[in-house]
Amino acid sequence: QRLAAQLNESKQKIELLRAEAMEARITHGLEIGKLQSKLEESKKETEEIKTQAAKKIAQLQGEYENLSSRQIRRDSQQERIRQLSEQLNGILQKQEERNTSYQQTIVALELELDQIRAKRETESTTH
């Protein structure tokens, strides 16, 4: 009877251990299920973040290219302005030289005219 009691007690322990194992499997299964759910959710969020990042990168690249082309246009406009400014300065310098030349010619002609007038006056007074 003592053996039968020990056998019975052993069977109860085995049943208890089986029940605990089953409960542990269920508990772990639930935890694993929750973690898998969270993992799937996290993967979706990661994909969404990647999509948003790709959109933002594309937007920034577009803005950069736009700014780059504007910068290139601005640089070429500045170069064109510089060239036109140099041309204008050259034209103004030539104009100043021409004006100086005209002024010198006018002064020379006025001197010559004064000499002719003086010569006429002396000739008219001697006649």
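### Some thoughts on the overall build of the chain
Counting its regular elements, the chain contains 1 helix and 0 strands. Each of the 127 residues in the chain was classed as buried or not, and the buried ones make up 0%. Accessible area for the chain stands at about 12200 Å²; split by element, carbon and sulfur atoms hold 56% of it. Treating the 22 positive side-chain charges of the chain as one cloud and the 22 negative ones as another, the clouds have centres 11 Å apart.

### Quick notes on the pattern of salt bridges
Counting across every chain of the model gives 7 salt bridges. Among the ionic pairs, Lys13 bridges to Glu9, the shortest N-O distance being 3.8 Å. One end of the pair, Lys13, and the other, Glu9, are both in helix H1 (residues 2-126), 4 residues apart, so they sit about a helical turn from each other. On the accessibility criterion, Lys13 (51% relative accessible area) is exposed.

### Concerning a nonpolar patch on the surface
A contiguous nonpolar surface patch, about 300 Å² in accessible area, is contributed by Met22, Ile26 and Leu30. On the secondary structure map, Leu30 appears in helix H1.

### A look at the environment of Gln52
Looking at the element boundaries, Gln52 is found in helix H1. Residue Gln52 is classed as partly exposed on the basis of its relative accessible area of 45%. Along the backbone, Gln52 and Ile116 are 64 residues apart, and their C-alpha atoms lie at a distance of 93 Å.

### Here's the deal with the environment of Glu9
Glu9 gets classed as partly exposed once you look at its relative accessible area, which sits at 44%. Distance in space between the C-alpha atoms of Glu9 and Met22 is 20 Å, their sequence separation being 13 residues.

Definitions and cut-offs
Residues numbered from 1 in each chain as written. Predicted model: local features only at pLDDT ≥ 70, side-chain atom pairs only at ≥ 80, totals over all residues. Heavy atoms only, no water. Helix = DSSP H or I, 4+ residues; strand = E, 2+ residues; numbered from the N terminus. Buried < 20%, exposed > 50% of the residue type's maximum accessible area, 1.4 Å probe, protein only. Areas by Shrake-Rupley, 256 points an atom, 1.4 Å probe, with all protein chains shown as cover. Lys, Arg positive; Asp, Glu negative; His and termini not counted. Charge placed at Lys NZ, Arg CZ, Asp CG, Glu CD. Salt bridge = Lys/Arg side-chain N within 4 Å of Asp/Glu carboxyl O. Patch = residues over 30% accessible without salt bridge, like charges linked within 9 Å, V, L, I, M, F, W, Y side chains within 5 Å.

Purely geometric numbers; function is a separate question.
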